[in-house]
Amino acid sequence: MTDLTLLADVIRYGLILPLAYVAYVDFRTFRIPDAITFRLIAGGLLFNLFLDIRFCSPQEAILGATVGFGFFWGLNWLYRALKGRDGLGMGDAKLLAALGAWLGWQALPGIVLLSALSGLLGGLIWLYWQKQGRAQAFPFGPFLAFAGIIYLIWPQLLRIPLSLH
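In what follows, the accompanying structure is described. (Residues numbered from 1 in each chain as written. Predicted model: local features only at pLDDT ≥ 70, side-chain atom pairs only at ≥ 80, totals over all residues. Heavy atoms only, no water.)

Here Ala 93 shows up in helix α5 (residues 90-103). Counting along the chain gives 30 residues from Ala 93 to Gly 123, while the straight-line C-alpha distance between them is 18 Å. Here Ala 93 is in contact with Gly 68, Phe 69, Phe 72 and Trp 73, once residues within four sequence places are set aside. (Helix = DSSP H or I, 4+ residues; strand = E, 2+ residues; numbered from the N terminus. Contact = heavy atoms within 4.5 Å.)

This is the structure:
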C-alpha cells in the first residue's frame, strides 16, 4: 500500500465523522448546519481539483456538486408547486451537493436510491415511534448521510450502471 493510498483511506474514513455529526444534528433539530455542508462542499471540490489523490475527476466533482444540489432543489420546487409547501430542506440539497463534490456525479444515483429506501423504512418507524400521522415531517439528512457513509466504505454496493450497452 502506497502512502497516497493510505492517505486516501484516511480521508475517506475521516469523512464519516462529519457525516455522522450531520445525521445526529438533523435527527435532533431537523436542521443541517451550513457551516458543515459548505465546508464539505469546498473540501470535496478542493480535494478533487488540486490534490494528486482524488476520488473522482475535477469535472465529475463539479458536476456532482451541481447535480446533487440541483436535483433536490428541483424536487423541492416541484413538490412546493404541487402541495404548496416544502418537501425537502435545502440542507438536504447541500448535503447531496457535498457528497457529489467528494464522490462525483456517478455516486449520486446509488446514494439517492439507498437514502430513499432507508428513509422510507426509517420514516415509517419514526412516525410510528413518534405516534404521528403520515403528513408529519421527519429528518431525511440522517438517511442521506447513512447512504454517503455506505458509499465511502463499500462503493461497489451502490454503483448503478449508467449505460445500457
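And the narrative resumes.
All right, on to unusual backbone geometry then. The residue Phe 30 is not glycine, and still its phi comes out positive at about 65°. Residue placement: Phe 30 occurs in the loop between α2 (16-29) and α3 (34-50). Phe 30 gets classed as partly exposed once you look at its relative accessible area, which sits at 37%. (Buried < 20%, exposed > 50% of the residue type's maximum accessible area, 1.4 Å probe, protein only.)

This part takes up the pattern of salt bridges. Using the criterion set out here, one finds three salt bridges in the structure. The shortest N-O distance in the salt bridge between Asp 9 and Arg 12 comes to 4.0 Å. Of this pair, Asp 9 and Arg 12 both sit in helix α1 (residues 3-14), separated by three residues, roughly a single helical turn. Residue Asp 34 is joined to Lys 94 by a salt bridge in which the shortest nitrogen-to-oxygen separation is 2.6 Å. Residue Asp 34 is located in helix α3, and its partner Lys 94 is located in helix α5; the two are separated by 60 residues in the primary sequence. (Salt bridge = Lys/Arg side-chain N within 4 Å of Asp/Glu carboxyl O.)

Turning to a nonpolar patch on the surface, a few remarks are in order. Together, Leu 63, Val 67, Phe 71, Leu 75 and Trp 105 make up a nonpolar patch on the protein surface, roughly 400 Å² of accessible area in all. Topologically, Leu 75 is positioned in helix α4 (residues 58-83). (Patch = residues over 30% accessible without salt bridge, like charges linked within 9 Å, V, L, I, M, F, W, Y side chains within 5 Å. Areas by Shrake-Rupley, 256 points an atom, 1.4 Å probe, with all protein chains shown as cover.)

Another aspect to go through is the packing of aromatic side chains. For the coordinates displayed, the defined rule picks out seven aromatic pairs. A centroid spacing of 4.7 Å and a plane angle of 55° characterise the contact between Phe 47 and Phe 55, whose relative ring orientation is tilted. Each member of the pair Phe 47 and Phe 55 is classed as buried. Ring plane angle 45° and centroid distance 6.1 Å describe the contact between Phe 55 and Trp 102, whose orientation is recorded as tilted. Residue Phe 55 is found in the loop between α3 and α4, and its partner Trp 102 is found in helix α5; the two are separated by 47 residues along the sequence. A single burial state applies to Phe 55 and to Trp 102, both of which are buried. A network of ring pairs unites the aromatic residues Phe 47, Phe 55 and Trp 102 as a single cluster. The ring of Phe 55 has Arg 12 lying over it, and the distance from NZ or CZ to the ring centre is 4.5 Å. (Phe/Tyr/Trp six-rings, centres within 6.5 Å; stacked < 30°, edge-to-face > 60°. Lys NZ or Arg CZ within 6 Å of the ring centre and 35° of its normal.)

By the secondary structure assignment, Ser 115 is in helix α6 (residues 108-129). Each residue touching Ser 115, except ones within four places of it in the same chain, is listed here: Phe 140, Phe 143, Leu 144 and Ala 147.

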